[in-house]
Amino acid sequence: MFLLEKYIALLRGINVSGKNKIAMPELRKVFEEFGFTDVTSYINSGNVLFTTANQYKTDLIRKIETLITEKFMLEIPVTVVSTKELTATLAHAPAWWDIDKEAVNYAIFLIPPMDIATVFAAVGEIKPEYEQIDYHENVIFWTAPLKTFQKARWSKIASSAANNHVTIRNANTVNKLLKMAE
């Protein structure tokens with residue numbers, strides 16, 4: 001007998017600037033048709049919560065990417081995190097992350113097979129006077145004050161070689177997803 005576990009699929013780069021459009025009701029329906037249960041979504045940026053029997057994350061990622069390609073004709077990178085993993089990751093968040101509400105507080109999720117060292121090499125060393133960074137397993141925590149955001153090196157992650165291999169969520173979204181998943 002398999003135990004059901006709650007997961008969150010994080011889709012990269014959908015519904016951004018009119019590109020890679022996927023309606024959340026349609027996406028939820030595709031997940032349900034595949035056999036996932038308790039399917040919900042949060043905001044329009046590709047956050048899908050679902051329940052399934054314990055499986056390997058790599059299998060889940062491959063299945064979800066295939067579903068999106070077949071149903072929406074889009075090649076969308078995906079990562080998947082279980083509720084347990086996200087809880088543990090946030091328990092290891094640095095004390096400074098998501099404290100200053102006048103700062104940008106991001107969780108940068110790696111999309112397999114990307115690794116932390118490669119992301120750091122692609123984006124470069126932080127500018128400590130403008131930003132803070134730390135990580136736990138496959139999530140990078142990054143904070144930069146709004147007033148000096150453009151001076152922070154990691155504000156340029158979108159133009160780095162790592163960009164297509166990560167998906168970024170702000171702290172409010174990450175916290176809301178965890179609350180919804182519990």
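All of these numbers come straight from a predicted model, not from anything done at the bench.

Even after reading the chapter, I still don't get the side chain of Thr 52, so can you show me in this structure?
Among the secondary structure elements, Thr 52 is positioned in strand S3 (residues 47–53). If sequence neighbours within four positions are ignored, Thr 52 has contacts with Leu 3, Leu 4, Glu 5, Tyr 7, Phe 36 and Leu 60.

Sorry if this is basic, but what is going on with unusual backbone geometry here?
Excluding glycine, most residues fall at negative phi; most peptide bonds, likewise, are trans. Here the amide bond leading from Pro 112 into Pro 113 is cis, since omega sits at 10 degrees, within 30 degrees of zero. Inspection of the secondary structure assignment puts Pro 113 in the loop between strand S5 (103–110) and helix H4 (116–123). We note that Asp 38 has phi near 50 degrees; this positive angle belongs to a residue other than glycine. Judged by its relative accessible area of 51%, Asp 38 falls in the exposed class. Positive phi is not limited to glycine here, since Glu 137 has a value of about 50 degrees. Within the secondary structure, Glu 137 sits in the loop between strand S6 (132–136) and strand S7 (139–145). For Glu 137, a relative accessible area of 56% translates into the label exposed.

Is there a simple way to explain the pairing of S3 in this structure?
Sheet faces and side chains relate simply in a regular strand, where the side chains alternate between the two faces. Across the 7 residues that make up S3, a large majority, 6, are buried. As defined by bridge partners, strand S1 (residues 4–11) adjoins S3 across 7 bridges and the pair is classed as antiparallel. By the bridge assignment for S3, Ile 8 is matched with Leu 49. As judged from the 4 bridges shared by strand S2 (residues 37–42) and S3, these two strands associate in the antiparallel manner. Note on S3: the bridge partner recorded for Tyr 42 is Asn 47. The hairpin turn running from S2 into S3, its antiparallel successor, is 4 residues long, and Ile 43 in that turn takes a positive phi close to 45 degrees.

Got a minute to help me understand the pairing of strand S4 (residues 78–82) in this structure?
The buried count for S4 comes to 5 of 5 residues, which makes it a mostly enclosed element. Where burial is concerned, the two faces of S4 agree: the one with Val 78, Val 80 and Ser 82 and the one with Thr 79 and Val 81 are both buried. Across 5 bridges, S1 lies against S4 in antiparallel orientation. Looking at S4, one finds that Leu 11 is bridged to Val 78.

Would you mind showing me how to read the pattern of salt bridges here?
Across all of its chains, the model carries 4 salt bridges by this definition. Among the salt bridges present, the one from Glu 85 reaches Lys 57, with a minimum N-O distance of 3.2 Å. Note that Glu 85 is positioned in helix H3 (residues 83–91) and Lys 57 in helix H2 (residues 57–72), a separation of 28 residues in sequence. When its relative accessible area of 29% is taken as the criterion, Glu 85 is described as partly exposed.

Rules behind the numbers
Residues numbered from 1 in each chain as written. Predicted model: local features only at pLDDT ≥ 70, side-chain atom pairs only at ≥ 80, totals over all residues. Heavy atoms only, no water. Helix = DSSP H or I, 4+ residues; strand = E, 2+ residues; numbered from the N terminus. Contact = heavy atoms within 4.5 Å. Buried < 20%, exposed > 50% of the residue type's maximum accessible area, 1.4 Å probe, protein only. Pairing = 2+ DSSP bridges. Salt bridge = Lys/Arg side-chain N within 4 Å of Asp/Glu carboxyl O.

Everything listed here is a matter of coordinates, which is why it stays silent on function.
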